[in-house]
Amino acid sequence: MPSDSSFELSNQQICKGLSPFAIIPNDTQMTQIRKYTLLLLKWNRLVNLTSITDPTEIVTRHFGESIYASKLLPVENCRLADVGTGPGFPGLALKIAFPGIHVTLIDSNKRKCAFLSEVIRELGLADVQIRSERFEQIRPETVRANIISSRAVGEFRQLLRWSAIALVHRGHLVLWVGGEDTARIVRDPAWCWQPAVRLPDSQRRFILIGRPIDEIG
C-alpha cells in the first residue's frame with residue numbers, strides 16, 4: 001500500500017490540474033486542496049468515496065470540474081445547498097475557492113458525513129453545515145438556498161420538484177450531468193435552462209444551470 005506521502009501534490013501539479021478550467025489558486029487554496037486530497041485517499045481505503053485514485057486526476061475531476069461552475073454563475077457569498085455531496089463535491093471545492101459561501105452538505109451516508117466532518121475540521125472551514133439525510137426528508141421551504149448543486153442527480157424529477165421550493169427568488173439549480181440526462185432534464189416544462197456547457201477535457205459531461213419557470217421575469 002502506498003504511503004500517504006506518495007499522494008502529496010506539489011503546487012505545480014495542483015496548478016496544472018486546474019489549468020484547463022482557467023482556475024489559479026492562491027497559496028491557502030493550494031494547501032487546502034493538498035490536505036483534502038490526502039484525506040480523501042486515506043479514507044478511500046476504508047470508505048468508498050471516489051473511484052479516482054490518482055491525486056492529479058482528483059484535482060482535475062473533483063476540484064476543477066466543481067469550481068468551473070463559478071465561471072458560469074456568480075457564487076460569491078451565496079447560500080449553497082449541495083445535494084448528494086458524497087465526499088464534498090462540488091460544495092467544499094467551491095467553499096475553498098470562495099470562502100464567503102455558506103454551504104449545506106446533504107448526504108444520507110453517515111460514513112461519508114464523518115469524512116466531511118474531518119475535512120471541515122482539518123481545513124478550518126467555517127459556515128459549513130452537514131445534514132446526514134436524504135434530501136427528500138428535508139422540508140424544502142426550510143433550505144432557502146441561492147444555489148442548489150448536485151453531481152449525483154439520480155432521480156432528477158424529485159430533485160427538480162424539491163429544488164423549485166428550496167430555492168430563493170432568482171435562485172439557480174446547477175447540475176453536473178451526462179449528455180443523455182441533459183436531454184431529458186431540459187424537457188421539464190417547469191424549468192428554464194441555460195444552454196448546457198461541456199466541461200473542459202470531457203466529451204460527455206456537462207454543467208446545466210436552470211431556474212423554475214415561475215421565477216422568470
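Residues numbered from 1 in each chain as written. Predicted model: local features only at pLDDT ≥ 70, side-chain atom pairs only at ≥ 80, totals over all residues. Heavy atoms only, no water.

Taken residue by residue, helix α6 (residues 156-166) has Phe156, Leu159, Leu160, Trp162, Ser163 and Ala166 as its buried positions. Lining the buried residues of α6 we find β1 (79-83), β2 (102-106), β4 (145-150), β5 (167-178), α7 (179-185) and β6 (191-193). (Buried < 20%, exposed > 50% of the residue type's maximum accessible area, 1.4 Å probe, protein only. Helix = DSSP H or I, 4+ residues; strand = E, 2+ residues; numbered from the N terminus. Contact = heavy atoms within 4.5 Å.)

A word on the nonpolar core. The biggest cluster of nonpolar side chains holds 47 residues, and the ones touching the most others in it are Tyr36, Phe63, Leu92, Phe115, Val174 and Ile207. Looking at this core, the elements that each hand over two or more residues are α1 (11-18), α2 (27-43), α3 (55-67), α4 (91-97), β2, α5 (110-123), β5 and β8 (205-212). For Val174, the contacting residues outside a window of four places in its chain are Ala69, Leu73, Ile147, Ile148, Ser149, Ser150, Ile207, Leu208 and Ile209. Ile106, Ile148, Trp162 and Val177 belong to the second largest nonpolar core, which has 21 residues in total. (Core = buried A, V, L, I, M, F, W, Y, C linked by side-chain atoms within 4.5 Å.)

A separate point is the pairing of β4. Regular strands show a simple pattern: their side chains alternate between the two faces of the sheet. Most of β4 sits out of view: five of its six residues are buried. In terms of strand pairing, β1 meets β4 through three bridges, oriented parallel. The residue of β4 that forms the bridge with Ala81 is Ile148. Direction of pairing for β4 relative to β5: parallel, over a ladder of five bridges. Bridging from a neighbouring strand, Ala145 pairs with Leu167 of β5. (Pairing = 2+ DSSP bridges.)

With that settled, the discussion passes to the packing of α2 against α3. Packing of α2 against α3 brings their axes to within 11 Å, and their N-to-C directions diverge by 105°. Between α2 and α3, the crossing angle belongs to the class labelled roughly perpendicular. From α2, Ile33, Tyr36, Thr37, Leu40 and Leu41 reach across to α3, where they touch Pro55, Ile58, Val59, His62 and Phe63. Its residues assigned to classes, the contact of α2 with α3 shows eight nonpolar, two polar and no charged. (Axes fitted to C-alpha atoms, helices over the stretch in contact; angles between N-to-C directions. Parallel < 35°, antiparallel > 145°, perpendicular 65-115°, else oblique. Nonpolar A, V, L, I, M, F, W, Y, C, P; charged D, E, K, R; others polar.)

Between Phe89 and the following residue, Pro90, the backbone shows a cis peptide bond with an omega angle of 10°. Along the chain, the position of Pro90 falls in the loop between β1 and α4. Its identity as a non-glycine residue notwithstanding, Ala22 has a phi of 55°, on the positive side. With respect to the helices and strands, Ala22 occurs in the loop between α1 and α2.

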